[in-house]
Amino acid sequence: MKKTLLALAALAATTASAQTFTRPVELGLSAGYAGGLSGEAFVHAPYVYGPFGVKAGVSYANVGNFNYDRNSPNLVVAGASAYCQDVGGCSTSGSNLIIGLDGTYALGELSPGLDADLYAGVRYGMFNRSLTAFGDTTTYSMNSFGLGGGLMLGYAVNPGLSLFGDLGADYFFNSALTSTNSTDSVTVNPGDADYAALRSFTNMPNVNFKARVGVKFRL
């Protein structure tokens, strides 16, 4: 009897190990909108523990627009198309680079071929903007931690490939914002008098909504 129990225990351990080893890992690629034209690449290990999994990803968005208000003459550093029309001969550009680590929860198969995953986790955003006007370029940068979450809906085309949609939002905490040009570099911190205005017209994200579609490959 003892030998039988030991054999069954060994078989159970071997089966569990094999199931863990053969669990699929997903590689995802998506494109859409997240503060600008955006793309993301991620690795997702679902069912690490029951319905819970882990997802790590990197996203990039091209953000070219500053917030400029013609009725606020003190904000003369802002870009946007209106500003360029007013002063002439200027250009703007920007980018959001975000690294994310999420826990996921599989909601299972909602209908044949259709599944869903909830996710939530931490973010680290690296945001850069630049404005070239009057022969000089001013760059603005802010690195900020944040939190995010969302929902992914996937449709299996075949056992190794799924199409999916991703809806979510990220929230980024206040962080130091630095502006640099050819003659000067200034850092404005949360709580400073000019911080809210600088963050607003440089279009640094506070809440960043995202909507993307893409493909997932099971490895």
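Going along each chain's sequence as written, the residues are numbered from 1 onward. Whole-chain, interface and lining totals are the exception, using all residues; otherwise, since this is a predicted model, local features are given only for residues with pLDDT of at least 70 and side-chain atom pairs are given and counted only at 80 or more. Only hydrogens and water are set aside; all other atoms, that is, all heavy atoms of the structure, feed into the side-chain values.

Caption draft 1: How the structure looks around the overall build of the protein chain. Each helix corresponds to a stretch of at least 4 residues labelled H or I by DSSP, and each strand to a stretch of at least 2 residues labelled E; elements are numbered beginning at the N terminus. What the protein chain contains, in helices and strands, is three helices and 10 strands. Across the 219 residues of the protein chain, 35% fall into the buried class. Here, residues are in contact when the closest pair of their heavy atoms is within 4.5 Å. Taking as baseline every contact in the protein chain between residues at least 6 positions apart, the subset at least 24 positions apart corresponds to 64%. In this scheme, a residue with accessible area under 20% of its type's maximum is buried, one over 50% is exposed, and one in between is partly exposed, where area comes from a 1.4 Å probe on protein chains only.

Caption draft 2: Region of interest: the pairing of strand E9 (residues 185-188). With four bridges joining them, strand E8 (residues 177-180) and E9 adopt antiparallel strand pairing. The partner of Ser-179 across the bridge, within E9, is Val-186. Two strands make a pair as long as DSSP finds a minimum of two bridges between them.

Caption draft 3: Just the confidence of the model for the protein chain, in detail. Of all residues in the protein chain, 79% have pLDDT values of 70 or greater, and the mean over the chain is 84. Every residue is assigned a pLDDT by the predictor, reflecting its confidence on a scale from 0 to 100. Contacts for the low-pLDDT stretch residues 1-22, under 50 throughout, to residues beyond four places or in other chains number zero contacts. Low confidence marks residues 73-81, where pLDDT is under 50. Its contacts with residues over four positions away, or in another chain, come to 23 contacts.

Caption draft 4: Region of interest: the pattern of salt bridges. Think of a salt bridge as a Lys or Arg side-chain nitrogen and an Asp or Glu carboxyl oxygen that are within 4 Å of each other. Summed over the entire model, instances satisfying the criterion amount to seven salt bridges. Of the charged contacts in the structure, one is a salt bridge between Glu-40 and Arg-212, with a shortest N-O distance of 3.4 Å. Of the two residues, Glu-40 sits in strand E2 (residues 37-49) while Arg-212 sits in strand E10 (residues 207-218), which places them 172 residues apart along the sequence. Of the two residues, Glu-40 and Arg-212, both sit in the buried class. The partner of Asp-102 in a salt bridge is Lys-55, with the nearest N and O atoms 3.7 Å apart. Residue Asp-102 is found in strand E4 (residues 91-111), and its partner Lys-55 is found in strand E3 (residues 52-62); the two are separated by 47 residues along the sequence. For the pair Asp-102 and Lys-55, a shared accessibility class is recorded, and that class is buried. When salt bridges that share partners are traced, they join Lys-55, Asp-102, Arg-123, Asp-170 and Lys-210 into one network.

Caption draft 5: Representation of the environment of Ser-144. Structurally, the position occupied by Ser-144 is in strand E6 (residues 136-158). Overall, the relative accessible area of 1% leaves Ser-144 in the buried class. Between the alpha carbons of Ser-144 and Ile-98 there is a distance of 9.5 Å; along the sequence they are 46 residues apart. Apart from residues no more than four positions distant in its own chain, Ser-144 is found in contact with Arg-123, Tyr-124, Gly-125, Phe-127, Phe-172, Phe-173 and Ser-175. Side-chain polar atoms of Ser-144 contact the backbone oxygen of Phe-173, separated by 2.5 Å. In protein, a polar contact requires one atom able to donate a hydrogen and another able to accept it; more generally it is a pair of N or O atoms within 3.5 Å, and residues adjacent in sequence count only if both atoms are side-chain atoms.

Caption draft 6: Summary view of the packing of aromatic side chains. Pairing of aromatic side chains requires ring centres within 6.5 Å, counting the rings of Phe and Tyr and the six-membered ring of Trp. Pairs whose planes differ by under 30 degrees are stacked, by over 60 edge-to-face, and all others tilted. Tallying each qualifying case throughout the model produces six aromatic pairs. With 5.1 Å between their ring centres and 65° between their planes, Phe-52 and Tyr-105 make a pair best called edge-to-face. With Phe-52 in strand E3 and Tyr-105 in strand E4, the pair connects residues that are 53 residues apart, well separated along the chain. On the basis of an interplanar angle of 85° and a centroid distance of 6.5 Å, the ring pair of Tyr-140 and Phe-201 is categorised as edge-to-face. Taken as a pair, Tyr-140 in strand E6 and Phe-201 in helix H3 (residues 195-201) lie far apart in primary sequence, 61 residues in all.

Caption draft 7: Representation of the side chain of Ser-162 in the model. With respect to the helices and strands, the residue Ser-162 is situated in strand E7 (residues 161-172). We classify Ser-162 as buried; its relative accessible area is 1%. A polar contact is formed between the side chain of Ser-162 and the side chain of Arg-218, at a distance of 3.0 Å. Discounting residues that sit within four places of it in the chain, Ser-162 has contacts with Tyr-155, Ala-156, Val-157, Gly-214, Val-215, Lys-216 and Arg-218.

Caption draft 8: Main features of unusual backbone geometry. Even without glycine at this site, Tyr-47 takes up a positive phi of about 55°. Inspection of the secondary structure puts Tyr-47 in strand E2. Judged by relative accessible area, which is 39%, Tyr-47 ranks as partly exposed. Positive phi outside glycine occurs at Asn-203, with the angle close to 60°. If you trace the backbone, Asn-203 turns up in the loop between H3 and E10. For Asn-203, a relative accessible area of 27% gives the class partly exposed.

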